[in-house]
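Here is how the chains run, residue by residue.
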Amino acid sequence: MENLDALREELLAAVGGADSLDALEELRVSALGRKGRVTELMKGLGGLDPDERRAAGQALNAVKTAVSDAIEARHAGLADAALDAALAADRVDITLPVRPEAEGRLHPISQTFDEIIAIFGEMGFSVAEGPDIEDDFHNFTALNIPPEHPARQMHDTFYLPEKDDGERMLLRTHTSPVQIRAMQSTEPPLRIIVPGRTYRCDSDMTHTPMFHQVEGLIVDETSHMGHLKGCLIEFCRAYFEVDDVPVRFRPSYFPFTEPSAEVDIGCSRAGGELKIGAGDDWLEILGCGMVHPKVLAACNVDPEKYQGFAFGMGIERIAMLKYGIPDLRTFFDADMRWLRHYGFVPLEVPTLLRGLTP
Ligand code: PHE
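Residues numbered from 1 in each chain as written. Predicted model: local features only at pLDDT ≥ 70, side-chain atom pairs only at ≥ 80, totals over all residues. Heavy atoms only, no water.

Undergrad: So what's going on with the environment of R237? Which residues, and what values?
TA: Relative to the elements of secondary structure, R237 occurs in helix α9 (residues 225-240). The residues touching R237, leaving out its near neighbours within four places in the chain, are V242, D243 and V245. (Helix = DSSP H or I, 4+ residues; strand = E, 2+ residues; numbered from the N terminus. Contact = heavy atoms within 4.5 Å.)

Shown next as structure tokens:
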């Protein structure tokens, strides 16, 4: 029988040196496992005579107990250390703010869209969208702007290269083509607003080649000019958050509405500062009118049975007015300093109940 004291010392030293739970388990198997060194020695006891066997058996058992106790103690120590390490690695500083200050800002265009959608949503309008690349029919002809109509010149249209069949697609010059698409695809009654991008080949202090509009359309059997006025006056009050904002309907002309009007709101420019809702000046903010019977007919909606109204407004313009943004072109500069100044905290969703603006 080999020197048990030496074996014990060797195994205990190895246990002390095991530096991970895996290494310790490996050691346990190699010493006490089915083919471990101590186990093999136990098996050898059978060949000894009874007295020797008892003495050797006791001595071996003592080694086995000592080693297994040492392993158990080491296991506890290593497990504690592993837990400590995991806790340290997963440490959460509960004194940090739960939600750090949001870094990004919503562009005023997005905010204005959300506000307008909240207001008209409350009035029962749903949001509709359409393609930025349109055909001539939806952008012009169906809106009662036939090919020779002078309004086509006013639209400064961006045309795409001619297709094989001679058709030229275009970038929509207003959101009104979505009116046409909505009437073609949905039976009245209809109550939609259409936020979106629009394009005109025009670029100066007050025009950018791409800008945004919101279109509104109601088609049913009863809506009349009085409803149009009530709806838009209510919108102006809600949007500018001024209860008695003066609103004026000024006769105007659009090929797709009859009668047509432009809406002005009262303002003051005293001292060079624009103030909405006070004073004796007027600012134009949108175009509107009763849907022209020819437009209804172009969409196979019976003008004898149905009628309705439409309106359209420029988003940059009404955002500039509400938020005092002086220069249109800065909307598209992608300047972080501008965005930090004029932008909006995300997650502050505008609602009429809680207020449109944070
Ligand atoms: N489409 C018109 C424009 O871009 C705005 C408008 C829409 C006017 C609907 C009346 C009715 O100028």
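Still more to cover.
Undergrad: Describe the packing of aromatic side chains, naming the residues involved and giving the relevant values.
TA: Given two aromatic rings, one states the distance between the centres and the angle between the planes to describe the pair. Per the counting criterion, the structure on display carries 11 aromatic pairs. Their ring planes at 15° and their centres at 5.6 Å tell us that F235 and Y239 sit as a pair that is stacked. Linking F235 with Y239, this pair stays in helix α9, spanning four residues, or about one helical turn. Neither F235 nor Y239 differs from the other in exposure class; each is buried. Ring centres of Y323 and F344 lie 4.9 Å apart, and the angle between their planes is 65°; on these two criteria the pair is classed as edge-to-face. Taken together, the positions of Y323 in helix α11 (residues 315-323) and F344 in the segment after α12 (336-342) put the pair 21 residues apart, joining distant regions of the chain. The burial state of Y323 is the same as that of F344; both residues are buried. Through a chain of ring-to-ring contacts, three or more aromatic side chains come together here, namely F120, F125, F235, Y239, F240 and F311. R168 extends its terminal NZ or CZ atom over the ring of Y159, reaching a point 4.4 Å from the ring centre. (Phe/Tyr/Trp six-rings, centres within 6.5 Å; stacked < 30°, edge-to-face > 60°. Buried < 20%, exposed > 50% of the residue type's maximum accessible area, 1.4 Å probe, protein only. Lys NZ or Arg CZ within 6 Å of the ring centre and 35° of its normal.)

Undergrad: Describe in detail helix α1 (residues 4-17), supporting the description with residues and values.
TA: In this model α1 runs 20 Å from its N-terminal to its C-terminal C-alpha over 14 residues, within 8% of the 20 Å that 1.5 Å per residue would give. One side-chain oxygen at the N-terminal end of α1 lies 2.9 Å from the backbone nitrogen of D5; it belongs to N3. (Expected span 1.5 Å × (residues − 1). Polar contact = N/O pair within 3.5 Å; in protein donor to acceptor, adjacent residues only side chain to side chain.)

Undergrad: Please provide a residue-by-residue account of the nonpolar core, values included.
TA: In this structure, F120, F235, I285, L286 and F311 are the most contacted members of the largest nonpolar core, which totals 47 residues. Of all the secondary structure elements, the ones that give two or more residues to this core are α5 (108-122), β5 (210-220), α9, β7 (257-268), β9 (281-291), β10 (307-314), α11 and α12. Of the residues forming this core, the biggest block, eight residues, is contributed by α9. Grouped together as the second largest cluster of nonpolar side chains are 24 residues, L143, A182, V219 and A310 included. (Core = buried A, V, L, I, M, F, W, Y, C linked by side-chain atoms within 4.5 Å.)

Undergrad: Tell me what's going on with the state of the cysteines, and back it up with residues and numbers.
TA: Counted under the stated rule, the structure contains zero disulfides. With no disulfide of its own, C231 has C288 as its nearest cysteine by sulfur position, at a separation of 9.6 Å. The thiol sulfur of C288 is not disulfide-bonded, and the nearest other cysteine sulfur, from C236, lies at 9.5 Å. (Disulfide = S-S within 2.5 Å.)

Undergrad: Could you give an account of the packing of α1 against helix α2 (residues 21-32), naming the residues involved and the relevant values?
TA: The interhelical angle for the contact between α1 and α2, taken along N-to-C directions, is 160°, at an axis separation of 9 Å. Here α1 lies roughly antiparallel to α2, going by the angle between them. Crossing hand, α1 versus α2: left-handed. Contact residues: L11, A14 and V15 in α1; L24, L27 and A31 in α2. Grouping the amino acids of the contact of α1 with α2 by side-chain chemistry returns six nonpolar, no polar and no charged. (Axes fitted to C-alpha atoms, helices over the stretch in contact; angles between N-to-C directions. Parallel < 35°, antiparallel > 145°, perpendicular 65-115°, else oblique. Left-handed = near helix turned anticlockwise from the far one by under 90°. Nonpolar A, V, L, I, M, F, W, Y, C, P; charged D, E, K, R; others polar.)

Undergrad: Give a detailed account of the domain arrangement of the protein chain, specifying residues and quantitative values.
TA: The assigned domain composition of the protein chain is domain 1 (4-89) and domain 2 (108-342). For domain 1 versus domain 2, the distance between C-alpha centres works out to 85 Å. (Domains from an automatic or database assignment.)

Undergrad: Kindly report on the site of the ligand, identifying the contributing residues and their values.
TA: Contacts to the ligand come from 14 residues, most closely from H174, S176, R200, Q213 and E215. H174 places a polar side-chain atom, nitrogen or oxygen, 3.0 Å from a nitrogen atom of the ligand. Here an oxygen atom of the ligand sits 3.1 Å away from a polar atom, N or O, in the side chain of R200. Elements represented by at least two residues in the shell around the ligand include exactly β5, β9 and β10. Residues of the shell around the ligand, tallied by class, amount to five nonpolar, seven polar and two charged. (Near = heavy atom within 4 Å.)

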